[in-house]
Structures are given as C-alpha cells and as structure tokens.
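# Secondary and tertiary structure notes
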Amino acid sequence: MIGLLDRLARRLLHALDPEDAHRLAINMLKFAPLLRAGTDDKRLATRAFGLNFPNPVGVAAGFDKHGEVPDALLRVGFGFVEIGTVTPLPQPGNPRPRLFRLDADCGVINRLGFNSEGAAAVLARLAGRTNSGIVGLNIGANKDAPDRILDYVALIERFAPVASYVTINISSPNTPGLRNMQQAAVLDDLLARVIDARERVVQRSGPTPVLLKIAPDLSLPDLDDAVGIARSRRVDGMIVGNTTVTRPATLQDAATAKEAGGLSGRPLLALANRMLAETYVRVEGVFPLVGVGGIDSGEAALAKIRAGATLIQVYSGLVFRGLGLLDEIKNALIAAVEHDQMDDLRDYVGADAASVTAEPWPR
Ligand SMILES: Cc1cc2nc3c(=O)[nH]c(=O)nc-3n(C[C@H](O)[C@H](O)[C@H](O)COP(=O)(O)O)c2cc1C
C-alpha cells in the first residue's frame, strides 16, 4: 500500500514544477498519516562520531532545509536526517526558476542559493522535538555577512544544544565566494574558531560532533590541504560531497545541463565516489566519512560504502525513485552481510578505496 501511494505521488510530483513538487512532498510528509517503519535489522546499526545510528542511510542536506519534517523522515525509516542549510538570518535565495530535473539523466541541477527561514525559526522547531532520533544541522553563512566565519561560530553556539551534530557547509556552489573558504588559510581559521565555539558550549551541550562538507570539485592538492586541516583541527568527520559545477560528457539533457548551478544525482556518482575514496585514503581512519552523491540503488549504496563511507546520504535518488529507494538500499545491505556472513557493515567501509583511486579520472 505504501508503495502504491508512493508511486502515485511520484507521478503527480513529476507533473509539477520541481520546486512546487518539493513543497508538496514536504507538506505530504507533514500532514499525511505515515506508516511507521519496522525496527531495523541490528546488522545495519552503525556507530560514528559517538552516535548510534539504527541504520546508515540518511537524508542529505537541502531536502528539509528549514527543519519542518525531520521526525516524519525518521519515522519512515531513515537512520538520520540532516536539516539545513540554515543561515543566521532569513534570506530568500536566488530568483526562480532555480531547480531543474534532468529526467533523461536522473540528475538535478539547483541554484537555490541558501534560501533559509533563518536560525530563529529552525531553532524553535528543533527545540520542540520529542523524538530522540539523530537530526544533524547543516549551517551556512548569509550571502551578505560582513564576516562569514562569525556566522558559522554564532550558529554553532546557538544550535549545539539541540543538534545531534553540526555540518560546516562551505561547498555550495550557489553562494558567490563561499567555496573559497575551502582554501587552506581560510579553512584553518574557520575550523579553529568553530571548534573553539563548540568547546565553549560543551558544558551546556555535550560534545556536539562537527563535520566538514566539501565539494567534489576540489583539486587533489586542495583535498590534501582540506584533509590535513580537518585532521589537525580535530573535526569529527567529513561529508563527501556536495553538488558539482562540472557537467559530465555523458549528460543527455544537453539543454537543461546548461543551467547554472550544482549537479546532483546519478551523473554525480562516479566523481563523488572518486573524491570519497581519495578522501578515505588521506584520512587514514582518523575519523569516519559520510558518502553522498548519486546513490539511486542498493548497488550504488554498497559501492559508496566500499569507496569509504561509514554513513551514506540520499537526496536526488528520492526524486526519481521515491521512498521505495530506502527499503531497496536497506534490503541490499542486509543481503550483502548475509551473503558474506558478516555481523555488520564495518568490513565493507573503504574495501574498494584503493582500487577506486587507481581508476582513470571520471569524466
Ligand atoms: C535541490 C537541492 C538542494 C540542496 N541544498 C543543499 C543545502 O542546502 N546544503 C547542502 O549542504 N547541500 C545541499 N544539497 C546537496 C545535497 O545535500 C547532496 O550533497 C547532493 O545533492 C548530492 O547527493 P544526491 O546525488 O544524492 O542528490 C542540495 C541538493 C539538491 C538537489
């Protein structure tokens, strides 16, 4: 029944403008009576940065930007939800249209530009939660902030008490200059001040994990720097990665591919897996990685874990496959551990990282 409703809803959603469809999907999650997913197979349980995840499949940032439906998403069976990006002050983002589906490619291009209801609105929603499931918060700077680092510091201080973890997003391509914060000197200053801020509120909040989300478009020397700084500043993990500004030669929807913005979904999978594996070999097990980009099947989910991900996240795959994708992924992971007679997913993490980094660079 839930599958049938999901299929009908998806047909309806695909007939709409992508941004209207997304609003409708959020409202359906908000108001529709949802079936509660059963308890997860204990072999899917995953521990990372001090948190216990019932399963490793999360919702990526951008799906629930304003924290409207995290508990509904947990109820349908996700292991965790990352809300945001949230900016300190409300801001409208870029003018519409700013979200495009590449149906022939199962891809999405967005240039939303951190449309956010702002910290106060999201804080009130998070503070009112009663469910204890894992909800991380992805934070960003306001477009016109005089000191962008200060925006991240202020958000950490405000949200550490109510967020399971906080992600520093400096990898969105849609806020001019934001990705320059990935440069070594700026990144070092940013992480030093963010970790300081976390320590200042630790008495009140406990040790809120801080993750860094990077772009899949970093050069390898820049990735060397980013990982080195993340390690020396002792972040708790990295998310690899955000959308890409590149356009793979294989894209079929050439007209839509010309839209400015970040590309996600199936066309991102190979590049995202390569950057994840490159990150994994540099991190040397010091902290876990969250793998995101292009997962739209159980097979792709396992490949992501084997490339180096302890946890995974999905967004665009949900646009094309609906909520059925979640069960497909969980079933595929359980089938793998059963086949290989494993107790959990741990031995898969990074098993293919070395071989992925030896392949020709994905185009
Ligand atoms: C419409 C849309 C909005 C997004 N907004 C954000 C955001 O606010 N913050 C962020 O860190 N990532 C954002 N992302 C990126 C996703 O979190 C994810 O990193 C990327 O889409 C790759 O995963 P996917 O191929 O499964 O979609 C957004 C992606 C999409 C498609």
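The sections below set out a description of the structure shown in this document. Note on numbering: residues in each chain are counted from 1, in written sequence order. Predicted model: local features are reported for residues with pLDDT of at least 70 only, side-chain atom pairs are reported and counted for 80 or more only, and whole-chain, interface and lining totals are derived from all residues. Hydrogens and waters are ignored; side-chain quantities use all the structure's heavy atoms.

Turning our attention to the overall build of the protein. Counting from the N terminus, the helices are DSSP H or I runs at least four residues long and the strands are E runs at least two residues long. A tally of helices and strands in the protein yields 14 helices and 13 strands. Atoms counted for the radius of gyration: C-alpha only. Globule rule: 2.2 Å times the number of residues to the power 0.38. Computed over its C-alpha atoms, the radius of gyration of the protein comes to 19 Å, within 12% of the 21 Å expected for a compact globule of 363 residues. Along the first, second and third principal axes, the C-alpha set of the protein runs to 50 × 45 × 40 Å. The buried label applies to any residue whose accessible area, calculated with a 1.4 Å probe on protein chains only, is under 20% of its type's maximum; exposed applies above 50%, and partly exposed to all values in between. Taken over 363 residues, the protein has a buried fraction of 57%. Here, residues are in contact when the closest pair of their heavy atoms is within 4.5 Å. Of all intrachain contacts in the protein linking residues separated by at least 6 positions in sequence, the fraction that spans at least 24 positions is 73%. For every accessible area listed, the method is Shrake-Rupley and the probe measures 1.4 Å; residues are considered covered only by the protein chains on display. Accessible surface for the protein amounts to roughly 15,400 Å². Of this, 54% is attributable to carbon and sulfur atoms.

To continue, consider the site of the ligand. Neighbouring the ligand are 25 residues; Ala61, Thr85, Gly265, Gly294 and Ser316 lie closest to it. Within 3.5 Å is the distance limit for a polar contact, defined as a pair of N or O atoms, with the added protein rule that one can donate a hydrogen and the other accept it, and that residues adjacent in sequence qualify only through two side-chain atoms. With respect to the ligand, the backbone of Ala61 contributes an N or O atom lying 2.7 Å from an oxygen atom. In this structure, Asn169 approaches the ligand through a side-chain N or O atom, which is 3.1 Å from an oxygen atom. When the free accessible area of the ligand is taken as 600 Å², the share hidden by the protein chains comes to 98%. Side-chain classes follow a simple rule in which Ala, Val, Leu, Ile, Met, Phe, Trp, Tyr, Cys and Pro form the nonpolar group, Asp, Glu, Lys and Arg form the charged group, and the remainder, Gly included, forms the polar group. A per-class count over the shell around the ligand returns nine nonpolar, 14 polar and two charged. Near residues are defined by distance, with any heavy atom within 4 Å of the molecule or strand qualifying the residue.

One speaks of a salt bridge when a side-chain nitrogen belonging to Lys or Arg is within 4 Å of a carboxyl oxygen belonging to Asp or Glu. In the structure shown here, the tally under the stated rule is 28 salt bridges. Salt-bridge contacts for Arg266 lead to Asp296; the nearest nitrogen and oxygen are separated by 2.8 Å. Here the residue Arg266 occupies a position in the loop between β11 (262–265) and α10 (269–283), and Asp296 occupies one in the loop between β12 (289–292) and α11 (298–307), the gap between them amounting to 30 residues. For Asp296, a relative accessible area of 12% puts it in the buried group. When salt bridges that share partners are traced, they join Asp17, Glu19, Asp20, Arg96 and Arg98 into one network.

Here the axes come from fitting lines to C-alpha atoms, over the contacting stretch only for helices, and the angles between their N-to-C directions go from 0 to 180 degrees. The N-to-C vectors of helix α4 (residues 119–127) and helix α5 (residues 148–159) enclose an angle of 20 degrees; their axes lie 11 Å apart at closest approach. As the angle between them shows, α4 and α5 are arranged roughly parallel. Seen from above, α4 lies across α5 with right-handed handedness. Along the contact surface, α4 presents Ala119, Ala120, Val122, Leu123 and Leu126, while α5 presents Leu155, Arg158 and Phe159. When its residues are assigned to classes, the contact of α4 with α5 shows seven nonpolar, no polar and one charged. Under this scheme an angle from 65 to 115 degrees is roughly perpendicular, one under 35 degrees roughly parallel, and one over 145 degrees roughly antiparallel; angles in between are oblique. Helix crossings fall into two classes, left-handed where the near helix is turned counterclockwise from the far one by less than a right angle and right-handed where it is turned clockwise.

What follows is about the nonpolar core. Membership of the largest hydrophobic core comes to 83 residues, with the highest contact counts inside it found for Phe78, Tyr152, Ile168, Leu190, Leu212 and Ile329. The biggest single contributor to this core is helix α13 (residues 324–339), with seven residues. Residues contacting Phe78, with those up to four places away along its chain left out, are Asn55, Val57, Gly58, Val59, Leu73, Val314, Leu318, Leu323 and Leu326. Each nonpolar core is a collection of buried residues, namely Ala, Val, Leu, Ile, Met, Phe, Trp, Tyr and Cys, held together in the definition by side-chain atoms within 4.5 Å. Ala48, Leu51, Tyr165 and Val290 belong to the second-largest nonpolar core, a separate cluster that totals 13 residues.

The next point concerns the pairing of strand β4 (residues 80–86). Burial runs high along β4: seven of the seven residues are buried. Note: two strands are recorded as paired if DSSP finds a minimum of 2 bridges between them. When strand β3 (residues 57–59) meets β4, the two strands line up parallel, connected through two bridges. Each residue of the ladder has a partner; that of Gly58, found in β4, is Phe80. Regarding the hand of the β-α-β motif, the stretch spanning β3, helix α3 (residues 70–75) and β4 is right-handed. Whether a crossover is right-handed depends on one test, that the path from the first strand over the helix to the second runs clockwise when the strands point away from the viewer.

With that out of the way, let us pick up the sheet that holds strand β6 (residues 107–110). Read across the open sheet, the three strands follow the order β5-β6-β11; overall the sheet is antiparallel. Because the sheet does not close on itself, it has two edges, and the strands there are β5 (99–102) and β11. Going from strand to strand, the sheet's axes swing by 25 degrees on average, the running direction of each strand aside. When β6 meets β11, the two strands line up antiparallel, connected through four bridges. Of the residues in β11, the one forming a bridge with Gly107 is Gly265.

Now for the environment of Asn110. The topology assignment puts Asn110 in strand β6. Along the sequence, Asn110 and Arg98 sit twelve residues apart, while their C-alpha atoms lie 5.7 Å from each other. Not counting the four nearest positions on each side in its chain, Asn110 is found in contact with Arg98, Leu99, Asn174, Thr243, Gly261 and Gly262.

Take the pairing of strand β13 (residues 311–314) next. Where burial is concerned, the two faces of β13 agree: the one with Leu311 and Gln313 and the one with Ile312 and Val314 are both buried. Here β12 runs beside β13; their pairing, made up of three bridges, is parallel. Across the sheet, the residue bridging to Gly291 is Ile312, located in β13. Each parallel crossover has a hand, and for β12 linked through α11 to β13 it is right-handed.

It is worth spelling out empty space enclosed by the protein at this point. One way to see where empty space is left: roll a probe the size of a water molecule over the atoms. In this analysis a 1.4 Å probe is tested at points of a 1 Å grid over the protein atoms alone, and where it fits but cannot get out there is a cavity; an open set with protein on both sides within 12 Å along at least five of seven lines is a pocket; lining residues have an atom within 4 Å of a point. Grid points are joined across faces, edges and corners, and a volume is the space filled by probe spheres set on the points. Tallying each qualifying case throughout the model produces one cavity of 30 Å³ or more. Volume-wise, the largest cavity comes out at about 30 Å³. Lining the largest cavity, in full, are Cys106, Gly265, Arg266, Gly294, Ile295, Asp296, Ser316, Gly317 and Phe320. It is helix α12 (residues 316–321) that contributes the most residues to the lining of the largest cavity, three residues altogether. A per-class count over the lining of the largest cavity returns three nonpolar, four polar and two charged.

The analysis is restricted to geometry; functional conclusions fall outside its scope.
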